[in-house]
Amino acid sequence: MDTIIQTVELHKHFGRVRALDGLNLEVQRGEIHGFLGPNGAGKSTTLRILLGLAKATSGTASVLGLDPWTQSVQLHRGLAYVPGDVRLWPNLSGGETIDLLSRLRGGTSGRAAEGTPYAQRKARLCEAFDFDPGKKGRAYSKGNRQKVALIAALATDAELYLFDEPTSGLDPLMEAVFRRETLAAVERGATVLLSSHILSEVEVLCQRVSIIRAGRIVDGGTLDSLRHLTRTEVSFAADGVDTRALGELSAVHGLTADGGRVRFGADSGRIAEVLPVLGSLGVQGLIITPPSLEELFLRHYGDTSVAAEAAVGEPGAATARRRHLLGARGRG
C-alpha cells in the first residue's frame, strides 16, 4: 500500500508549550484512519501542519507525496478538509458556498452546470443530508453549517479527506448519512484521516487508529490488534454453575456472581483458553463483549492525564474534557 500521509519526529512548539513532541503518523492509501485524542493532545495542530497552515518546528511531514508547507497550493487540489466548527459567508447561500469551496479545490470550473458529475453529486448529497441550499449562510444552524462543508467536500473527487470532528452538531440520522457517504468515497479510491471524539463512529468506520497523547502517538494499529491490550467481558447465568475451574485460570480476572449472573474479565489474547472451560460447565445465557474503543482510549486518558491538565493551569477544563471523552457532545 502507498503511504498518503507520513510524519517523522514532528515537533511544534508555541513558546514553552510542546504541542507536538516527536509525532510519527502514517496513513495508507485507501484506508479510513482514526486519529484519536482529547482537546489539547495535538490533533488540530497536526492537521494544521498537514494542511500547510502551520510550519513545524522540526521534523518532516509528507501529504500525497508533497511538502504541505512549501507545496500547499498543489496539495489542496487533491484534498478536502472539513473542520468541526464551520463558519460561512453570511450573504452567500448554502449552494453558492458549496460551489465556491469546490472551485477553490479545483472541483468545478466557473459555474457548476446542471447535468455535470459534480452537479449531480451535489444534488444527491443535498437530498441525502436533507439540506436546503437556497438559504443564506446567516440563517443556518450549526448542524446545517456543518452540512455545507461536508457536501462541498464529498461532492469533489478528492484523493484525501481530512475530517476534524466532522459530525459535530449533526443528529444521529445525519451521522449515519456521513458514515455511508464516507465509505462510498473510500470505495471510489479515496483515503480518509478522521479525527473524532465519537468513538462509536471511529469503531464503525476505521480500519486503523492512532492514539495521540501529549503530542506523541502512544498506540496504534488495527482495532483487532488493539483489543488484545484490554480484557473481554464475559457473563452467564449463575444457576447451578461451579465457577471454581474458572477461578483457577490465570487469564480470568475479577470473577464475581451478582444478580443471578457470573461476570469476569478475560485477557483478550487468551480467550481461547477460557472457552473450553465454559463449554465443559454447560453455561447458559452466555454473553461475550469484546473491549470497546472507548476502553482502549481511556487506557491512555485516565486520571493521570486529567490531573496533568489541571496542573498546567486549566481549572475545570480537565473535568469538562473528560466528560466529553465519555460521550458528551454538543448538538446545534
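Residues numbered from 1 in each chain as written. Predicted model: local features only at pLDDT ≥ 70, side-chain atom pairs only at ≥ 80, totals over all residues. Heavy atoms only, no water.

### Let's talk about the nonpolar core
Counting residues in hydrophobic clusters, the biggest one holds 70 residues, and the most contacted among them are Ile5, Phe129, Tyr161, Phe163 and Leu193. No other element matches the seven residues that helix α5 (residues 142-154) contributes to this core. Discounting residues that sit within four places of it in the chain, tyrosine 161 has contacts with Ala80, Ala153, Leu154, Thr156, Ala185, Arg188, Ala190, Thr191, Val192 and Leu193. (Core = buried A, V, L, I, M, F, W, Y, C linked by side-chain atoms within 4.5 Å. Buried < 20%, exposed > 50% of the residue type's maximum accessible area, 1.4 Å probe, protein only. Helix = DSSP H or I, 4+ residues; strand = E, 2+ residues; numbered from the N terminus. Contact = heavy atoms within 4.5 Å.)

### A word on a nonpolar patch on the surface
Residues Leu275, Leu286 and Ile288 make up a contiguous nonpolar surface patch of roughly 230 Å² in combined accessible area. Within the element layout of this structure, leucine 286 appears in the loop between α10 (271-281) and β13 (287-289). On the accessibility criterion, leucine 286 (38% relative accessible area) is partly exposed. (Patch = residues over 30% accessible without salt bridge, like charges linked within 9 Å, V, L, I, M, F, W, Y side chains within 5 Å. Areas by Shrake-Rupley, 256 points an atom, 1.4 Å probe, with all protein chains shown as cover. Salt bridge = Lys/Arg side-chain N within 4 Å of Asp/Glu carboxyl O.)

### Some words on helix α6 (residues 172-187)
Taking 1.5 Å as the rise per residue, α6 with 16 residues should run 22 Å; its terminal C-alpha atoms sit 23 Å apart, in good agreement. Taken together, the buried residues of α6 touch β3 (32-36), α4 (117-128), α5, β6 (160-164), β7 (191-195) and α7 (199-205). For α6, the capping residue at the N-terminal end is aspartate 171, with a side-chain oxygen 3.0 Å from the backbone nitrogen of leucine 173. Downstream of α6 by a residue or two, glycine 189 has a phi angle that is positive, lying close to 110°. (Expected span 1.5 Å × (residues − 1). Polar contact = N/O pair within 3.5 Å; in protein donor to acceptor, adjacent residues only side chain to side chain.)

### Remarks on the sheet that holds strand β11 (residues 252-258)
The four strands are arranged β11-β12-β10-β13 in an open sheet whose pairing can be described as antiparallel. Bordering the open sheet on either side are β11 and β13, each of which pairs with just one other strand. Taken over all neighbouring pairs, the strand axes of this sheet differ in orientation by 15° on average, direction set aside. Its contacts with the sheet place α10 against β10 (231-237), β11, β12 (261-267) and β13, and it is angled at close to 150° to β12. (Pairing = 2+ DSSP bridges. Axes fitted to C-alpha atoms, helices over the stretch in contact; angles between N-to-C directions.)

### Considerations on the packing of aromatic side chains
Inspection of the entire model under this criterion finds three aromatic pairs. Their ring planes at 70° and their centres at 5.3 Å tell us that phenylalanine 163 and phenylalanine 178 sit as a pair that is edge-to-face. Taken as a pair, phenylalanine 163 in strand β6 and phenylalanine 178 in helix α6 lie far apart in primary sequence, 15 residues in all. Grouping residues by exposure puts phenylalanine 163 and phenylalanine 178 together as buried. Joined through ring pairs, the aromatic side chains of Tyr161, Phe163 and Phe178 make up one cluster. (Phe/Tyr/Trp six-rings, centres within 6.5 Å; stacked < 30°, edge-to-face > 60°.)

### Concerning the pattern of salt bridges
Counted according to the given criterion, the structure contains 13 salt bridges. One salt bridge in this structure joins aspartate 85 and arginine 87, with 3.7 Å as the shortest N-O distance. For aspartate 85, a relative accessible area of 44% translates into the label partly exposed. With a relative accessible area of 71%, arginine 87 lands in the exposed category. As a salt-bridge pair, glutamate 181 and arginine 180 come within 3.5 Å of each other at their nearest N and O atoms. Here arginine 180 falls in the partly exposed class, since its relative accessible area comes to 47%. A single salt-bridge network, built from bridges that share partners, covers Arg231, Asp267, Arg270 and Glu273.

### As for the pairing of β6
Burial of β6 is extensive: five of the five residues sit out of reach of the surface. Side-chain alternation along β6 places Leu160, Leu162 and Asp164 on one buried face and Tyr161 and Phe163 on a second face that is also buried. One ladder, built from four bridges, connects strand β5 (residues 79-82) with β6; its direction is parallel. Residue pairing across strands places tyrosine 81 opposite leucine 162, the latter belonging to β6. Taken together, the five bridges between β6 and β7 define a ladder with parallel strand orientation. Within the sheet, the bridge partner assigned to leucine 162 lies in β7 and is leucine 193. Assessed by its sense of winding, the connection that carries the chain from β6 through α6 to β7 is right-handed. (Right-handed = clockwise from strand over helix to strand, strands pointing away.)

### Re the confidence of the model for the protein chain
In the predicted model, the protein chain carries a mean pLDDT of 86, and the fraction of residues at 70 or more is 87%. Strand β4 (residues 58-63) holds the highest mean pLDDT among the elements of the protein chain, 97, whereas helix α13 (residues 317-325) holds the lowest, 39. Under a pLDDT of 50 for its full length, residues 303-332 has, in the predicted model, 35 contacts with residues more than four places off or in other chains. (pLDDT = per-residue confidence, 0-100.)

### Brief notes about the pairing of β11
Both β11 and β12 contribute to a ladder of five bridges, which runs antiparallel. What sits directly across from histidine 253, in β12, is glycine 265. Where β11 folds back onto β12 in an antiparallel hairpin, the turn is made up of two residues, including glycine 259, whose phi is positive at roughly 60°.

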